[in-house]
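# An overview of the molecular structure
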Amino acid sequence: MSEAHEALVLTTQAGAVRTITLNRPKALNSFTTQMHKALAVAFDEAAADSGVRCLVLTGAGRAFCAGQDLADPAVAPNATPNGAPTDVGNVIELHYKPLALRIRSMPVPVIAAVNGVAAGAGASVALGCDMVIAARSASFIQAFAKIGLVPDCGGTWLLPRLVGRANALGLAMTGDKLPAEAAQAMGLIWKCVDDASFADEVATTAARLAAMPVKGLAATRAAIDAAMQMDYAEALGNEGRWQSTLSASHDYLEGVAAFMAKRPAVFRDR
Ligand code: T3D
């Protein structure tokens, strides 16, 4: 089957967990304009579906995502009609920035299940998710340096916040491959697990998050992100505002009632 007739993004549902799989394995799931469009639809559908309480993003085949498809005519150098340099900043504005913001505004937790290499914007997409679980055979590559670009899709924002300036610059300037185990040791990702237990670990974690008060989890993401830009007093104030909102929700009442009654809680807010 030609790529034009294959789904560039696959979606599956298991209980309250929606999995989105990037599906261009022959090109290591690198991004084309068409895959960006399909992915945007998949994210929007998951956001709108109250039956989705956790989202998993992964890749088909041996890679998570190799970033921008460098063979895509949209980014080919000097492919403009008049031979002028192609402005790849347009691709960032049109596709990568909305994708990064979409991930950060999802009403449910988002897990990057990094099954193989994550390079360039593929690494940024993974790191922009709420939790990164990587197979031990996976790796992270800031490939931008090798083609004369800066880390994008949130890379310049994420890297120093995750691993500090020294590590961020070391990774971004060398473009060296960072194995998943080293990524965990550096604090770049949440967890590296053996390949044999990777699928189970992802499924168990996703089901666990889906059963939690996901409205509170999404608010936790927003509060932590906001606190990165705030002083201590501002962050304390912001926490209070979130607690005012969340304490009026079903899930808070249910969580406390279940605790007092020594029974499992059943959360439903989103
Ligand atoms: O225009 C812009 O660039 C703006 C947007 C920027 C955002 C970015 O993401 S910039 C960074 C773009 N990504 C890269 O530079 C990574 C390029 N890929 C690699 O360095 C290597 O493929 C990997 C280190 C990721 C994996 O290496 P390896 O040896 O395991 O696999 P391979 O043999 O290199 O790749 C397998 C196939 O996938 C191969 O195709 P073939 O020869 O079998 O037909 C290769 O060409 C293809 N492939 C891998 N990455 C890309 C790709 N095709 C198009 N674009 C890719 N990014």
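Residues numbered from 1 in each chain as written. Predicted model: local features only at pLDDT ≥ 70, side-chain atom pairs only at ≥ 80, totals over all residues. Heavy atoms only, no water.

## Topic: the sheet that holds strand S9 (residues 177–179)
- Here we have 4 strands laid out as an open sheet, ordered S4-S6-S8-S9, and mixed in their pairing. A single partner strand is all that each edge strand has here, and the edge strands are strand S4 (63–65) and S9. On average, each strand axis in the sheet is inclined to that of its neighbour by 20°, with strand direction left out of account.
- For strand S8 (residues 139–141) and S9, the ladder comprises 3 bridges, and the chain directions are antiparallel. Bridge pairing in S9 places phenylalanine 140 opposite leucine 178.
- Contacting S4, strand S6 (117–119) and S8, helix H3 (residues 121–128) runs over the sheet at an angle of about 105° to S6. (Pairing = 2+ DSSP bridges. Helix = DSSP H or I, 4+ residues; strand = E, 2+ residues; numbered from the N terminus. Axes fitted to C-alpha atoms, helices over the stretch in contact; angles between N-to-C directions. Contact = heavy atoms within 4.5 Å.)

## What to know about the site of the ligand
- If you check the shell around the ligand, you find 21 residues, and the closest are Arg62, Ala66, Gln68, Leu70 and Ala121.
- In the model, an oxygen atom of the ligand is placed 2.8 Å from a nitrogen or oxygen of the arginine 62 side chain.
- The separation between a nitrogen atom of the ligand and a polar main-chain atom of glutamine 68 is 2.8 Å.
- Across the complex, the protein chains shield 62% of the 1000 Å² of accessible surface that the ligand would expose by itself.
- By residue class, the composition of the shell around the ligand is 13 nonpolar, 4 polar and 4 charged. (Near = heavy atom within 4 Å. Polar contact = N/O pair within 3.5 Å; in protein donor to acceptor, adjacent residues only side chain to side chain. Areas by Shrake-Rupley, 256 points an atom, 1.4 Å probe, with all protein chains shown as cover. Nonpolar A, V, L, I, M, F, W, Y, C, P; charged D, E, K, R; others polar.)

## Structural notes on the nonpolar core
- Grouped together as the largest cluster of nonpolar side chains are 50 residues, with contacts concentrated most on Leu39, Phe43, Leu57, Val114, Phe140, Leu188 and Ile189.
- The dominant element in this core, judged by the number of residues it contributes, is helix H4 (residues 155–174), at 6 residues.
- Within the second largest apolar cluster, 13 residues are counted, among which are Ala135, Phe198, Val202 and Ala210. (Core = buried A, V, L, I, M, F, W, Y, C linked by side-chain atoms within 4.5 Å. Buried < 20%, exposed > 50% of the residue type's maximum accessible area, 1.4 Å probe, protein only.)

## Considering the confidence of the model for the chain
- Averaged over every residue, the pLDDT of the chain is 96; residues scoring 70 or more account for 98%.
- Within the chain, the element-level pLDDT minimum falls on helix H2 (residues 89–104), averaging 96, and the maximum on strand S5 (residues 110–114), averaging 99. (pLDDT = per-residue confidence, 0-100.)

## Focus on the pairing of strand S1 (residues 9–14)
- Here S1 runs beside strand S2 (residues 17–22); their pairing, made up of 6 bridges, is antiparallel. Pairing of threonine 12 across the sheet is with threonine 19, part of S2.
- In textbook terms, the turn of a hairpin is the stretch between consecutive antiparallel strands, and for S1 and S2 this stretch comprises 2 residues, one of which, glycine 15, has a positive phi near 60°.

## As for the pattern of salt bridges
- With the rule as written, the count across this model stands at 10 salt bridges.
- Its salt-bridge partner being glutamate 93, residue lysine 97 comes within 3.8 Å of it at the nearest N-O pair. Highlighted residues: lysine 97 and glutamate 93, both in helix H2, separated by 4 residues, approximately one helical turn.
- The partner of glutamate 201 in a salt bridge is lysine 191, with the nearest N and O atoms 2.9 Å apart. Of the two residues, glutamate 201 is situated in helix H6 (residues 195–210) and lysine 191 in strand S10 (residues 191–193); the sequence distance between them amounts to 10 residues.
- Among the residues examined, glutamate 201 registers a relative accessible area of 22% and is labelled partly exposed.
- Classification of lysine 191 by relative accessible area gives partly exposed; the value is 26%.
- Through salt bridges that share partners, Arg136, Glu181 and Asp194 make up one connected network. (Salt bridge = Lys/Arg side-chain N within 4 Å of Asp/Glu carboxyl O.)

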